[in-house]
Amino acid sequence: MNLTDSHCHLDFPEFSPELDAVVERARAAGVTRIITISTRVARHADIAAIAERFPDVFFTVGTHPLQAGEEPDVPVERLVELSRHPKCVGIGEAGLDYHYDAAPRDVADRVFRTHIRAARESGLPLVIHSRDADADMAATLEDEMARGRFEAVLHCFTSSMELARTGLELGLFVSFSGVATFKNSEALRDVARTVPLDRMLVETDAPFLAPVPHRGKRNEPAFVAQTARVLAEVKGVDPETFAAATSANVDRLFSKLPARLGAAA
């Protein structure tokens, strides 16, 4: 398969002892590109250095909603400036997380909207985190899209069918992680059945949420292959077709990525 892990966190300490081996195992599993996602702007240099180290690794810049209280005032201009790095392909992850409520909700909302503006100004897609915040997320996306178009993906989707529909109506992509392989995730697989194949991405969110049969272990980009096989079955296509389609979707969304070897012109 020719897969892209569209969302992981290679800068997290779980990977530091064996990062080279982690990337090599991903390649062996058919993962031709990895996008490592920022959770703190303050870690920009570290994340960029990882992407610079591997030709098939790219990165984003942004503040996770759980860290919004740590970085409440990073301006649009700073995000746009940092996004000009040649291997930076997106903004985020940013959004709303009412499960942990680690930052005041008004602060998280302000930080999220700053990232939306940075996505517009940079022309790069926004990676959106949404947990237990469906109504406010839908309202914010509709409000901001009315102010000006931006490209985005609802990452590690575990929300309602209603939020998926709102995202699709607004032209967003929807990304699924190893959660879709869990025995108790039939409702999530029902959502995946409704998402058109040409709007779907696959990810690990590593080191978290390892798919079956690795559930409970540290996740890593190679394991995206297991999630892809389950989702291919959900969509009624063979794994190679699913891998090719989702990698092509990554090309469309993360348009700053260089062309893949063997990709159709």
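This text goes with the structure placed above it.
The structure contained in this document is the topic of the report that follows. This is a predicted model, so every value here is computed, not measured. (Residues numbered from 1 in each chain as written. Predicted model: local features only at pLDDT ≥ 70, side-chain atom pairs only at ≥ 80, totals over all residues. Heavy atoms only, no water.)

**Examining unusual backbone geometry**
(1) Moving on: That bond from G92 to E93 is cis: its omega, 15°, falls within 30 degrees of zero.
(2) Moving on: Inspection of the secondary structure puts E93 in strand β4 (residues 88–97).
(3) Moving on: The omega angle of the peptide bond from V212 to P213 is 15°, so this bond is cis rather than trans.
(4) Moving on: For P213, the location among the structural elements is in the loop between β8 (200–202) and α8 (224–235).
(5) Moving on: Although it is not a glycine, L209 adopts a positive phi angle of roughly 60°.
(6) Moving on: In this fold, L209 is placed in the loop between β8 and α8.
(7) Moving on: In this structure L209 comes out as partly exposed when scored by relative accessible area, which is 31%. (Helix = DSSP H or I, 4+ residues; strand = E, 2+ residues; numbered from the N terminus. Buried < 20%, exposed > 50% of the residue type's maximum accessible area, 1.4 Å probe, protein only.)

**Observations regarding the packing of aromatic side chains**
Between two aromatic rings, the relevant description is the distance of the centres plus the angle of the planes.
(1) Moving on: Applying the stated rule across the entire model yields two aromatic pairs.
(2) Moving on: Look at F12 and F208: their rings are 5.8 Å apart centre to centre, the planes differ by 75°, and that puts the pair in the edge-to-face class. In this pair, F12 is assigned in the loop between β1 (3–8) and α1 (19–28) and F208 in the loop between β8 and α8, connecting sequence segments 196 residues apart.
(3) Moving on: Residue placement shows R105 over the ring face of Y98; its charged tip is 3.7 Å from the ring centre. (Phe/Tyr/Trp six-rings, centres within 6.5 Å; stacked < 30°, edge-to-face > 60°. Lys NZ or Arg CZ within 6 Å of the ring centre and 35° of its normal.)

**With respect to the nonpolar core**
(1) Moving on: Ranked by size, the top nonpolar core spans 74 residues in total, and within it L10, F112, L126, I128, L141, F157 and F176 carry the most contacts.
(2) Moving on: Broken down by element, this core gets its largest block of residues, seven residues, from helix α4 (residues 105–122).
(3) Moving on: Setting aside its immediate chain neighbours within four residues, I128 contacts A94, F112, M137, L141, A152, V153, L154, H155 and L172.
(4) Moving on: Core analysis: the next-biggest nonpolar cluster, separate from the first, contains 12 residues, I37, V127, F173 and L257 among them. (Core = buried A, V, L, I, M, F, W, Y, C linked by side-chain atoms within 4.5 Å. Contact = heavy atoms within 4.5 Å.)

**Here's the deal with the sheet that holds β4**
(1) Moving on: The eight strands are arranged β1-β2-β3-β4-β5-β6-β7-β8 in an open sheet whose pairing can be described as parallel. Since the sheet does not close on itself, it has two edges, and those belong to β1 and β8, each with one partner. Put simply, the sheet's adjacent strands are angled 30° from each other on average, direction ignored.
(2) Moving on: Judged from the two bridges that link them, strand β6 (residues 152–154) and strand β7 (residues 173–176) form a sheet pairing that is parallel. When the sheet's bridge partners are listed, L154 is paired in β7 with V174.
(3) Moving on: This element, α4, spans β4 and β5 (126–131) of the sheet and lies at about 155° to β4. (Pairing = 2+ DSSP bridges. Axes fitted to C-alpha atoms, helices over the stretch in contact; angles between N-to-C directions.)

**Brief notes about helix α2 (residues 44–53)**
(1) Moving on: For α2, the complete set of buried residues consists of H44, I47, A48, I50 and A51. The arc that holds the buried residues of α2, viewed along the axis, is 155°, so those residues lie on one side. Across α2 from its buried face, at more than 90 degrees, point the exposed residues A45 and E52.
(2) Moving on: On the buried face of α2, the contacting elements are α1, β2 (31–36), β3 (57–61) and α3 (76–82). (Arc of directions from axis to C-beta.)

**Considerations on the pairing of β7**
Each regular strand carries side chains that alternate between the two faces of the sheet.
(1) Moving on: Of the two faces of β7, the one carrying F173 and S175 and the one carrying V174 and F176 are both buried.
(2) Moving on: The handedness of the β6 to β7 crossover, carried by helix α6 (residues 161–169), is right-handed.
(3) Moving on: Inspection of the sheet shows β7 paired to β8 by three bridges, in the parallel sense. By the bridge assignment for β8, F176 is matched with V202.
(4) Moving on: For the crossover from β7 across helix α7 (residues 186–194) to β8, the handedness is right-handed. (Right-handed = clockwise from strand over helix to strand, strands pointing away.)

**Overview of the pattern of salt bridges**
(1) Moving on: Per the stated rule, a full pass over the model turns up 24 salt bridges.
(2) Moving on: The shortest N-O distance in the salt bridge between R105 and D101 comes to 2.9 Å.
(3) Moving on: Residues D143 and R113 are paired through a salt bridge, measuring 2.7 Å at the closest nitrogen-oxygen approach. Here R113 lies in helix α4 and D143 lies in helix α5 (residues 134–147), a separation of 30 residues in the sequence.
(4) Moving on: Among the residues examined, D143 registers a relative accessible area of 29% and is labelled partly exposed.
(5) Moving on: Linked by salt bridges that have partners in common, D109, R113, R120, D143, E144 and R147 make up one network. (Salt bridge = Lys/Arg side-chain N within 4 Å of Asp/Glu carboxyl O.)

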